[in-house]
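Read off the chains here:
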Amino acid sequence: MKLALRFSLAHARQLISACALALAVPSMVQAAESPPAEVHLDYAYYSPVSLVLKHFGYLEKALPQTKVSWVLSQGSNRSLEYLNSGGVDFASSASLAAVLSRANGSPIKSVYVYSRAEWTALVVRKDSPYQTIADLKGKKIAATKGTDPYLFTLRSLQQAGLKKDDVELVHLQHPDGRTALEKGDVDAWAGLDPHMAASEVQAGSRLLYRNPAFNSYGVVSVTEKYAQEHPQTIDTVIAAYEQARTWSLEHPQELAKLLADESGLPLEVAKLQLSRTDLGSPQLSAKDVLASKAAAPILVSEELVRRGVNVDQVIDQLLDTGRQQAVARQ
């Protein structure tokens, strides 16, 4: 009887172990993520690292079984539109534009920092009589709504004691804003590199107001759904971005030539843009987070976010700090 009982207990333990193993198998399968059939990324002239990533095919080599597709983004607003519509899985934008997108209901996460750049300023023609922001009262300013230059403009006006209604904001995409400025259709333009650098070099345009502190950093974002379903793919993409960033730092002259070739702009323009671009650190610092939060009041006061939204909380939710810390340790 005792022998039979011992046998039954032993058999029961085996059954329990077998069941536990069977239950564990699906979790193990889920943990081993299969590479997706296709990955869609954007590339942009305001993100030189993305040009390197695309040019050398680092991601294609890292994901040989996956089709890698590329879409050109002309600005943060387009980039985030592509992301939210499913046109891309990874979107390059200014961080404040990503904050604005999430604050208005888009469930996105920023997983990587591709640059810190003084990529925007308020630009006037070379023969412009305007010397200060206050001189722009009642004038036309071209800006792409929902982008870093647009938010830069609002913050600059506020600092000068002006409101949005004190000027006429003309909503144009960045290349069209440059054209409008040079033709005299607008009095100032919220520029974005490389278009801004090109206007300086080719048309003699002048930077009326600069403030590096009002420029947000560049981030790569994904949807929360994608982050949950493809964490290993995100890690692979970030590793490929890091290859591209490292190459960019080691080959500044070649980077300038690549940017010039891709954008169709003179080498002098590419070099001017890169002189204002810091590629030295891919992870966020506490200073970066504070800089983003410093813009929160104007997002609220200008009603650019939904009523009742806590922008500081949105920023904390947007930033994938765990993945940022992993990048920092690489």
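Parameters and conventions
- Residues numbered from 1 in each chain as written.
- Predicted model: local features only at pLDDT ≥ 70, side-chain atom pairs only at ≥ 80, totals over all residues.
- Heavy atoms only, no water.
- UniProt positions renumbered as here; feature names shortened; annotations may be inferred.
- Helix = DSSP H or I, 4+ residues; strand = E, 2+ residues; numbered from the N terminus.
- Expected span 1.5 Å × (residues − 1).
- Buried < 20%, exposed > 50% of the residue type's maximum accessible area, 1.4 Å probe, protein only.
- Arc of directions from axis to C-beta.
- Contact = heavy atoms within 4.5 Å.
- Polar contact = N/O pair within 3.5 Å; in protein donor to acceptor, adjacent residues only side chain to side chain.
- Core = buried A, V, L, I, M, F, W, Y, C linked by side-chain atoms within 4.5 Å.
- Pairing = 2+ DSSP bridges.
- Axes fitted to C-alpha atoms, helices over the stretch in contact; angles between N-to-C directions.

Per an unreviewed UniProt entry, the protein chain carries the name Aliphatic sulfonate ABC transporter substrate-binding protein and comes from Pseudomonas canavaninivorans. Taken from UniProt, the Sequence similarities (unreviewed entry) comment for the protein chain reads in full: "Belongs to the bacterial solute-binding protein SsuA/TauA family." Quoted verbatim from the Subcellular location (unreviewed entry) field of UniProt, the annotation for the protein chain is "Periplasm".

Asker: Sorry if this is basic, but what is going on with helix H6 (residues 148-159) here?
Answerer: Owing to its 3.6 residues per turn, the α-helix aligns residues three or four sequence positions apart on the same side. A rise of 1.5 Å per residue sets the reference length of H6, with its 12 residues, at 16 Å; its end C-alpha atoms lie 16 Å apart and thus fit the reference within 8%. Across the 12 residues of H6, 10 count as buried, placing the element largely inside the fold. Taken residue by residue, H6 has Asp148, Pro149, Tyr150, Leu151, Phe152, Thr153, Leu154, Arg155, Ser156 and Leu157 as its buried positions. Looking one or two places after H6, you find glycine 161, whose phi comes out positive at around 85°.

Asker: Is there a simple way to think about helix H4 (residues 76-85) in this case?
Answerer: Within H4, burial applies to Ser76, Asn77, Ser79, Leu80 and Leu83. Across the axial projection of H4, the buried residues extend over an arc of 160°, all falling on one side. On its buried face, H4 is in contact with strand E1 (38-43), strand E3 (91-94), helix H5 (95-103), strand E4 (108-117) and strand E10 (218-223). Two residues or fewer after H4 comes glycine 86, characterised by a positive phi angle close to 90°.

Asker: What is the right way to look at the side chain of serine 73 in this model?
Answerer: Position of serine 73 among the secondary structure elements: in the loop between strand E2 (67-72) and H4. Here serine 73 falls in the buried class, since its relative accessible area comes to 2%. A polar contact of 2.9 Å, which involves the side chain of serine 73, links it to the side chain of aspartate 42. When near neighbours in sequence (up to four residues on either side) are disregarded, serine 73 contacts Asp42, Tyr43, Ala44, Tyr46, Ser79 and Tyr82.

Asker: Could you clarify how one ought to interpret the environment of leucine 80 in this entry?
Answerer: Checked against the element boundaries, leucine 80 lands in helix H4. For leucine 80, a relative accessible area of 5% puts it in the buried group. In this structure, the C-alpha to C-alpha distance between leucine 80 and glycine 146, residues 66 residues apart in sequence, is 9.6 Å. In this structure leucine 80 touches Ser93, Ala97, Ala98, Ser101 and Ile108, once residues within four positions along its chain are discounted.

Asker: Where do I start with the nonpolar core in this structure?
Answerer: Nonpolar side chains tend toward joint burial in soluble globular proteins. In terms of nonpolar packing, the biggest core is built from 89 residues, with Leu41, Leu53, Leu59 and Phe90 touching the most fellow members. Of the residues forming this core, the biggest block, seven residues, is contributed by helix H10 (residues 231-250). Setting aside its immediate chain neighbours within four residues, leucine 59 contacts Val39, Leu41, Leu53, Val68, Thr236, Val237 and Ala240.

Asker: Looking at this structure, I do not really get the sheet that holds strand E8 (residues 188-190). What am I missing?
Answerer: Sheet architecture is open: five strands sit in the order E7-E6-E8-E5-E9, paired in mixed fashion. The open sheet is flanked by strand E7 (168-171) and strand E9 (206-209), the only strands paired with a single partner. Looking at each pair of strands side by side, their axes are set apart by 35° on average, direction ignored. When strand E6 (residues 140-143) meets E8, the two strands line up parallel, connected through two bridges. From the neighbouring strand, alanine 142 faces E8, where its bridge partner is tryptophan 189. Contacts between helix H7 (residues 174-183) and the sheet are confined to strand E5 (122-124), E6 and E8, with E8 contributing the most and set at about 165° to the helix.

Asker: Just to check I follow, could you spell out unusual backbone geometry for this structure?
Answerer: Residues apart from glycine generally show negative phi values, whereas peptide bonds are mostly found in trans. The residue after aspartate 193, namely proline 194, is reached through a cis peptide bond having omega 5°. Checked against the element boundaries, proline 194 lands in the loop between E8 and helix H8 (195-203). Despite not being glycine, glutamate 303 has its phi angle at roughly 55°, a positive value. Tracing the backbone through its elements, the reader meets glutamate 303 in the loop between helix H14 (296-301) and helix H15 (311-318).

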